[in-house]
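This is what each chain is made of:
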Amino acid sequence: QVQLVESGGGLVQAGGSLRLSCAASGYTFSNFPMGWFRQAPGKEREFVAAITKNGGNTYYADSVKGRFSISRDNAKNTVYLQMNSLKAEDTAVYYCAVRFYYSRDYTTEDDYNYWGQGTQVTVSS
């Protein structure tokens, strides 16, 4: 069974950093792109970042460009989200997801097939 488990969330002050991890199992991790999404209180889930299957290309929401960095370690079946210069607006539950089928768009939530349980990130100001 496909399983994605996020970790690394927590409470951090504005301007600080966190590194989220997503451990994947149940499929050939290196064959598929991965994405990070987030959902803030009272808001819809939104795209944050995505990475191609070999890590050759990355994609970011405008709101996190220059601050967040997605990476993956295929030997460890893990995708990461390094979050720097955190803002209060980054407070959300962060989810990782895998996309099994081709799409031109890496940002669309409905294109992803399996999701983790989420990890809470709270940024205090």
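(A) Inspection of the environment of Tyr60 at higher detail. Checked against the element boundaries, Tyr60 lands in strand β6 (residues 58-60). Setting aside anything within four residues of it in sequence, one finds Tyr60 in contact with Phe47, Val48, Ala49, Lys65, Phe68, Ser69 and Ile70. At 2.9 Å, the side chain of Tyr60 and the backbone nitrogen of Ile70 are in polar contact.

(B) Focus on the pairing of strand β8 (residues 78-83). Counting buried positions along β8 gives 5 out of 6 residues, so the element sits mostly inside the fold. Relative to β8, strand β3 (residues 18-25) runs antiparallel, the two being bridged by 6 bridges. Bridge pairing links Leu18 to Met83 in β8. Pairing of strand β7 (residues 68-73) with β8 involves 6 bridges; the strand directions are antiparallel. Bridging from a neighbouring strand, Ile70 pairs with Leu81 of β8. The turn joining β7 and β8, which pair antiparallel and follow one another in sequence, is formed by 4 residues; a positive phi near 55° is taken by Asn77.

(C) Representation of the nonpolar core within the structure. In this structure, Met34, Trp36, Val79, Leu81, Met83 and Tyr94 are the most contacted members of the largest nonpolar core, which totals 34 residues. Those elements that place two or more of their residues in this core are β3, β4 (34-39), β5 (46-51), β7, β8, β9 (92-98) and β11 (119-124). Excluding residues that lie within four positions of it along the chain, Leu81 makes contacts with Leu18, Arg19, Leu20, Trp36, Val48, Ala49, Phe68, Ser69, Ile70 and Tyr94.

Reading guide: rules and limits
Residues numbered from 1 in each chain as written. Predicted model: local features only at pLDDT ≥ 70, side-chain atom pairs only at ≥ 80, totals over all residues. Heavy atoms only, no water. Helix = DSSP H or I, 4+ residues; strand = E, 2+ residues; numbered from the N terminus. Contact = heavy atoms within 4.5 Å. Polar contact = N/O pair within 3.5 Å; in protein donor to acceptor, adjacent residues only side chain to side chain. Buried < 20%, exposed > 50% of the residue type's maximum accessible area, 1.4 Å probe, protein only. Pairing = 2+ DSSP bridges. Core = buried A, V, L, I, M, F, W, Y, C linked by side-chain atoms within 4.5 Å.

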